[in-house]
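Commentary on secondary and tertiary structure
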Amino acid sequence: MGRPLPKGAPGVERVPDDYAPDAGRAVADALAYLVEERPFHAHEVLEARWKTGPQDERELWQGLAQICVGLTHLQRGNTRGAATLLDRGADRLARYDAGTAATHRRPVDLTAAVRAARELTEHPATPAAEAIAQVADAFRASPAGRS
């Protein structure tokens, strides 16, 4: 489930350290990992975008990454940690959405992502697969403000 392993240990490949996706690639790759129920890897993709993307989009990518970390906690049975990260991620996305001009990037449906994260915060016993699917739907949506 994304648990970091010691170097050289067998396991699932991690996202490369030098991965620097553009916004479209980050969303597509994160969605692919969510579909595979691998939210930790989706988080790594989104984290790479926040570290290499434009400064004015940092809140956006951090929020999406935090939501994916929340899903990872949910998979691991840590409902308290999941609720905390989902809530933090939703807060960041809401601030980004409220504070940006129409020309700023909205590569996912931010309203749907915030709504899904808030619902999962209120209902942390939601099965992990269902929770991941709810967030993946926000990545699939075609928001009017997408740029």
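The following paragraphs examine the structure supplied in this document. (Residues numbered from 1 in each chain as written. Predicted model: local features only at pLDDT ≥ 70, side-chain atom pairs only at ≥ 80, totals over all residues. Heavy atoms only, no water.)

1. Considerations on the overall build of the protein chain
Per the secondary structure count, the protein chain includes six helices and zero strands. In the protein chain, buried positions account for 46% of the 147 residues. By sequence separation, contacts in the protein chain at least 24 residues apart represent 66% of the contacts at least 6 residues apart. Approximately 7600 Å² of the protein chain is accessible, and the part contributed by carbon and sulfur atoms is 51%. (Helix = DSSP H or I, 4+ residues; strand = E, 2+ residues; numbered from the N terminus. Buried < 20%, exposed > 50% of the residue type's maximum accessible area, 1.4 Å probe, protein only. Contact = heavy atoms within 4.5 Å. Areas by Shrake-Rupley, 256 points an atom, 1.4 Å probe, with all protein chains shown as cover.)

2. Side note on the pattern of salt bridges
Taken as a whole and judged by the stated rule, the model has nine salt bridges. Between Asp29 and Arg25 there is a salt bridge whose closest N-O contact spans 3.0 Å. Placement of both Asp29 and Arg25 in helix H1 (residues 23–35) is noted, with a separation of four residues, approximately one turn of the helix. According to the relative accessible area criterion, Arg25 is partly exposed, its value standing at 43%. Arg49 is paired through a salt bridge with Glu57; the nearest N and O atoms lie 3.3 Å apart. Relative accessible area serves as the criterion here: at 9%, Arg49 is assigned to the buried category. (Salt bridge = Lys/Arg side-chain N within 4 Å of Asp/Glu carboxyl O.)

3. Considering helix H3 (residues 58–75)
Taking 1.5 Å per residue as the helical rise, H3 with its 18 residues ought to reach 26 Å, and the 26 Å between its terminal C-alpha atoms agrees with that figure. Counting buried positions along H3 gives 15 out of 18 residues, so the element sits mostly inside the fold. Looking one or two places after H3, you find Gly77, whose phi comes out positive at around 85 degrees. (Expected span 1.5 Å × (residues − 1).)

4. As for helix H6 (residues 128–140)
For H6, with 13 residues, the first-to-last C-alpha span of 18 Å sits near the 18 Å given by 1.5 Å per residue. Ala131, Ile132, Val135, Ala136, Ala138 and Phe139 are the residues of H6 that are buried. Mapping the buried residues of H6 onto a view down its axis gives an arc of 150 degrees, with all of them on the same face. On the buried face of H6, the contacting elements are H1, helix H2 (39–52), H3 and helix H5 (110–122). (Arc of directions from axis to C-beta.)

No statement about biological role is implied by the geometric values presented.
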